[in-house]
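# Observations on chain architecture
If you want the building blocks of each chain, they are given just below.
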Amino acid sequence: MAKEQGIIIDLHAHTYYSNCSQDDPRDVINVAIENGVNVLGVNDHNYGIGERKEQYIAEMRALASAYKGQITLLCGIEIATFPHLFDIKSPNEIANFDYCLIEHITSRQSIVGGNLIEFCKSLGIPCGIAHTDLFEYCDMYGKNYAEFFTQMANSGIFWEMNVNYDSIHGYHEHEYVKEFVSNEQKQAIVKASGLCVSVGFDGHRYKDYDGSRVRAMNSFLQKNGFSTLLSHPVLGKKIKNITL
Ligand SMILES: [Zn+2]
Ligand SMILES: [Zn+2]
């Protein structure tokens, strides 16, 4: 239990499988280890991986074995939901991934629309919502926060606190994250719903990695009693089996 409390998870990293990164996964993993990360999720963009899904997953699984004992490596995919970037034709294509992150859902062009839970279920693997203000999403589609977050929690969907701060994104900080950590009312709604909250640095340049932001958000969530990925029905078991 003591060890569980201190586990540092970063479930959002990119490598040279994304068009927007040139990083060798070994550099990404090494910098995470140097920064005290215990569980790292690599999730390159679906439109960067393209037809190379098998190659990508094989490379990440080999690295997971090579780094066993130093860090737990999970293999995910970040799925764009703009119509011109979405290319998942069947859940079979992604069935071997540990998880996926969904983006763009608060854009009116997203193919998800108001059907986030149905969309995630159709993908067949654990889904997280990347760098998105879920309160804004609820407002867009007239959803009750408490009810919707409870449904999400029951469907195994998690919500990312994106702590990115790097050169490729112009040292931009996400407003919804700043708002969330300062708004106790919103925190109470999320906590009561049981929604799992994840942390992601969204690294695209390993030299820009700032582990202090990742560690601070992990401890904020743990100290304040949020459900984290450790209590996720699928990912929690997987992480505990490998890490503890
Ligand atoms: Zn990217
Ligand atoms: Zn990303």
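This section reports on the structure supplied with the text. All figures in this text were calculated on a predicted structure; none of them were measured in a lab.

### Focus: the packing of helix H2 (residues 25–34) against helix H4 (residues 53–66)
- One can describe the packing of H2 onto H4 by two numbers: an axis separation of 11 Å at closest approach and a directional angle of 40°. The orientation of H2 with respect to H4, classified from their angle, is oblique. In terms of crossing hand, the pair formed by H2 and H4 is right-handed. When H2 is examined against H4, the residues Pro25, Arg26 and Ile29 are found in contact with a partner set consisting of Glu59, Met60 and Leu63.
- Along the lines of polarity and charge, the residues of the contact of H2 with H4 split into 4 nonpolar, no polar and 2 charged.

### A word on the coordination of the zinc ion (ligand 1)
- For the zinc ion (ligand 1), every protein donor is listed as Cys20 (SG), His45 (NE2) and His204 (NE2), and the spread of their distances is 2.1 to 2.4 Å.
- Positions of the donor residues of the zinc ion (ligand 1), expressed as sequence spacing, correspond to C-x24-H-x158-H.
- Residue class for Cys20 comes out partly exposed when judged on its relative accessible area of 24%.

### Concerning H4
- Its 14 residues give H4 an end-to-end C-alpha distance of 20 Å, which sits within 8% of 20 Å, the value for a rise of 1.5 Å per residue.
- When we look at burial in H4, the residues that qualify are Lys53, Tyr56, Ile57, Glu59, Met60, Leu63 and Ala64. The arc that holds every buried residue of H4, seen down its axis, measures 160°, which confines them to one face. Exposed and oriented more than 90 degrees from the buried face of H4 are Glu54, Ser65 and Ala66.
- Buried residues along H4 sit in contact with H2, strand S2 (39–45), helix H3 (46–49) and strand S3 (72–80).

Cut-offs and rules
- Residues numbered from 1 in each chain as written.
- Chains lettered and ligands numbered in written order.
- Predicted model: local features only at pLDDT ≥ 70, side-chain atom pairs only at ≥ 80, totals over all residues.
- Heavy atoms only, no water.
- Axes fitted to C-alpha atoms, helices over the stretch in contact; angles between N-to-C directions.
- Helix = DSSP H or I, 4+ residues; strand = E, 2+ residues; numbered from the N terminus.
- Parallel < 35°, antiparallel > 145°, perpendicular 65-115°, else oblique.
- Left-handed = near helix turned anticlockwise from the far one by under 90°.
- Contact = heavy atoms within 4.5 Å.
- Nonpolar A, V, L, I, M, F, W, Y, C, P; charged D, E, K, R; others polar.
- Donors = N, O, S within 2.8 Å, 3.2 Å for Na, K, Ca; no water.
- Buried < 20%, exposed > 50% of the residue type's maximum accessible area, 1.4 Å probe, protein only.
- Expected span 1.5 Å × (residues − 1).
- Arc of directions from axis to C-beta.

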